Amino acid sequence: MNSNVTIFDHPLITHKISLLRDEKTSSKEFRELVEEVAMLMAYEVFRDLPLKEIEVKTPLTVAKTKVLACQDVAVVPILRAGLGMTNGILALFPTAKVGHIGLYRDHETLEPKEYYCKLPEDIANRKVILLDPMLATGGSAIAAVNFLKQKNCKDIKFMCMIAAPEGIEAFTKAHPDIPVYCASKDEKLNEIGYIVPGLGDAGDRIFGTK
Ligand code: PRP
Ligand code: URA
């Protein structure tokens, strides 16, 4: 396994991913779970944020302590399904700016098609967390990172929930420099590009469109 790929094995994350897979889980519960898993994953994704020393007056004394030295984060969901993860990250990092990249997979070719892109003006100077719950063929995430690199982003991490081995391989081949964080590595892609066992169509389940 590429050392730039982290597959989580935390019991809370595994439990919530199992609930997400269940076809009986409603859209409301699904949305809540996606947000919660994103928040739990963020704990690890932000582990290397730099700190700076400060002094704080407690009721007893002055404490030498530390706070975040950098607030320059941009969260970039891939539309639509990445939107479901966004609030989970913003709950932990409320000062982050949010960019959007709109991509959908052509159902015949599975190629990603761009339909929207709006990023913070200073995106090149930010730590970018790219979000999409599903890494299937890898086409969408690869295209999104291509956009971000064209905008001169130098510090990008990609967070997904369920990844197919095929997607991980394609993504790490295209972008070996980008760390990938993933809650579960599944078995395979099926013949129409869905992750097996997966959780179905993440966008449709989040937004109740099917
Ligand atoms: C899904 C998913 C990813 C993409 C993954 O989006 O949210 O963006 O497929 O597949 P890939 O790795 O093969 O590119 P979809 O195209 O269904 O669009 P949606 O989020 O608008 O439903
Ligand atoms: N996109 C999804 O939403 N689900 C899959 O299984 C594959 C791509």
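Residues numbered from 1 in each chain as written. Chains lettered and ligands numbered in written order. Predicted model: local features only at pLDDT ≥ 70, side-chain atom pairs only at ≥ 80, totals over all residues. Heavy atoms only, no water.

### Considerations on the pattern of salt bridges
When the charged atoms of two side chains lie near each other, side chains of opposite charge can form a pair. Threshold: Salt bridges are defined by distance alone: a side-chain nitrogen of Lys or Arg within 4 Å of a carboxyl oxygen of Asp or Glu. The secondary structure listing takes helices from DSSP runs of H or I that are at least 4 residues long and strands from runs of E that are at least 2 residues long, numbered from the N terminus. Only protein chains enter the accessibility calculation, which uses a 1.4 Å probe. A residue is then buried if its area is under 20% of the maximum for its type, exposed if over 50%, and partly exposed in between.
This structure, assessed with the given rule, holds 13 salt bridges. Where D122 meets K97, a salt bridge forms, and the shortest distance between an N and an O atom there is 3.8 Å. Placement of D122 in the loop between β7 (112-118) and β8 (127-131) and of K97 in strand β5 (residues 97-98) is noted, with a sequence separation of 25 residues between them. Classification of K97 by relative accessible area gives partly exposed; the value is 38%. A salt bridge links D122 to R126; the nearest nitrogen and oxygen atoms lie 3.0 Å apart. The exposure class assigned to R126 is buried, which follows from its relative accessible area of 10%.

### Some points on the site of ligand 1
Which entries qualify depends on this criterion: The rule for a residue being near a molecule or strand is that one of its heavy atoms must lie within 4 Å of it. In protein, a polar contact means a hydrogen-donor-capable atom and an acceptor-capable atom, both N or O and within 3.5 Å, with residues adjacent in sequence counting only if both atoms are side-chain atoms; elsewhere, any N or O pair within 3.5 Å suffices. Residue type decides the class: Asp, Glu, Lys and Arg count as charged, Ala, Val, Leu, Ile, Met, Phe, Trp, Tyr, Cys and Pro as nonpolar, and the leftover types, Gly among them, as polar.
In the neighbourhood of ligand 1, 15 residues make up the surrounding shell, with R105, D132, T137, G138 and S140 lying closest. In this structure, A81 approaches ligand 1 through a main-chain N or O atom, which is 3.2 Å from an oxygen atom. Here an oxygen atom of ligand 1 sits 2.4 Å away from a polar atom, N or O, in the side chain of D132. Its residues placed into classes, the shell around ligand 1 shows six nonpolar, five polar and four charged.

### Focus: the pairing of strand β2 (residues 51-57)
How we decide: Should DSSP find at least two bridges between two strands, the strands are regarded as paired.
Across the seven residues that make up β2, only a small minority, zero, are buried. Summarising the sheet, β2 and strand β3 (residues 62-68) pair through seven bridges and their orientation is antiparallel. Directly across from E53, in β3, lies its bridge partner K66. Between β2 and the antiparallel strand that follows it, β3, lie four residues.

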